[in-house]
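What the coordinates show
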Amino acid sequence: MVFLKKLLVGKFTYKNRPRFNPIQRRILNIRAIWNNDHQYDNGIEKIVRLFLSSTQLLFPGVYIKYLACKIGPEYQDLSMDTYILLKMAFPWFILIHNLQDQSWIVLLMLYMLLETVLYIPTLIFASDLFMQPRSYKRSMLLLFFNYLEIVVSFAVLYTLGHHMNKPFTHWFDPIYFSVVSANSIGFGDYHPITTYGKILVSIQAMFFLSFVLLFLNFFSTKVKSKGYFDNEAE
């Protein structure tokens, strides 16, 4: 038990229990944007920031952090790590077990995908009262898992109906096409032939271009490296 706690929780650095729980912080964030406490924005910028900040209350992530906080603030990161990994694994599970015909499963996947898609711009544009992460390297690692979730979720969407020039013959084929489309490579072995397929590819290509460039640029200036030899004086 001590081994698992050391591995999964590590050395917790918060000196005191956070004053506000995750749900309260989201509500305070919305109020801060509305009252222009930290930024004098208006018009479409303020509307977008209010929308992005409010949507976080519509998804499970903030409530999972709240429940973990009830156990102890040191378990918030661990709970979110687990949740993000499960979200990443869900579309893989759908493809491997060929569950695309179950409409409720696909709708659940879309709901979870929407949370990820909206969280990324929220973190950048509406983070007035977001707590600074304990590790920006961890945040970039979770970003990679978010990337995988979105890639495989789009792969599931490509299998709905007959929108490609030829059918997918293996569960990994739509993932391969999704990765190729996300990176705008386009080998040509698979390509969309319907309006639905073309729109989906266009959305994915535009989204990933902004996702990678904007988000990696946001974190790259904040990641600090510390090698083992930096600890010699300790």
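Residues numbered from 1 in each chain as written. Predicted model: local features only at pLDDT ≥ 70, side-chain atom pairs only at ≥ 80, totals over all residues. Heavy atoms only, no water.

An unreviewed UniProt entry lists the protein under the name Potassium channel protein, from Flavobacterium stagni.

Notes on the pattern of salt bridges
Under the criterion given, the structure shown has two salt bridges. Its salt-bridge partner being Asp 41, residue Arg 49 comes within 2.5 Å of it at the nearest N-O pair. You can call Arg 49 buried: its relative accessible area is 5%. Judged by its relative accessible area of 4%, Asp 41 falls in the buried class. For Lys 87, the salt bridge identified is with Glu 115, shortest N-O distance 3.3 Å. You can see Lys 87 sitting in helix 5 (residues 76-96) and its partner Glu 115 sitting in helix 6 (residues 103-125), a full 28 residues away along the chain. Of the two residues examined, Lys 87 and Glu 115, each falls in the buried class. (Salt bridge = Lys/Arg side-chain N within 4 Å of Asp/Glu carboxyl O. Buried < 20%, exposed > 50% of the residue type's maximum accessible area, 1.4 Å probe, protein only. Helix = DSSP H or I, 4+ residues; strand = E, 2+ residues; numbered from the N terminus.)

Describing helix 2 (residues 22-34)
The terminal C-alpha atoms of helix 2 lie 19 Å apart, and with 13 residues this matches the ideal 18 Å at 1.5 Å per residue to within 8%. If you check which residues of helix 2 are buried, you get Pro 22, Arg 25, Arg 26, Asn 29, Ile 30, Ala 32 and Ile 33. End-on view of helix 2: buried residues confined to an arc of 160 degrees, all on one side of the axis. Across from the buried face of helix 2, at angles greater than 90 degrees, the exposed residues are Arg 31 and Trp 34. (Expected span 1.5 Å × (residues − 1). Arc of directions from axis to C-beta.)

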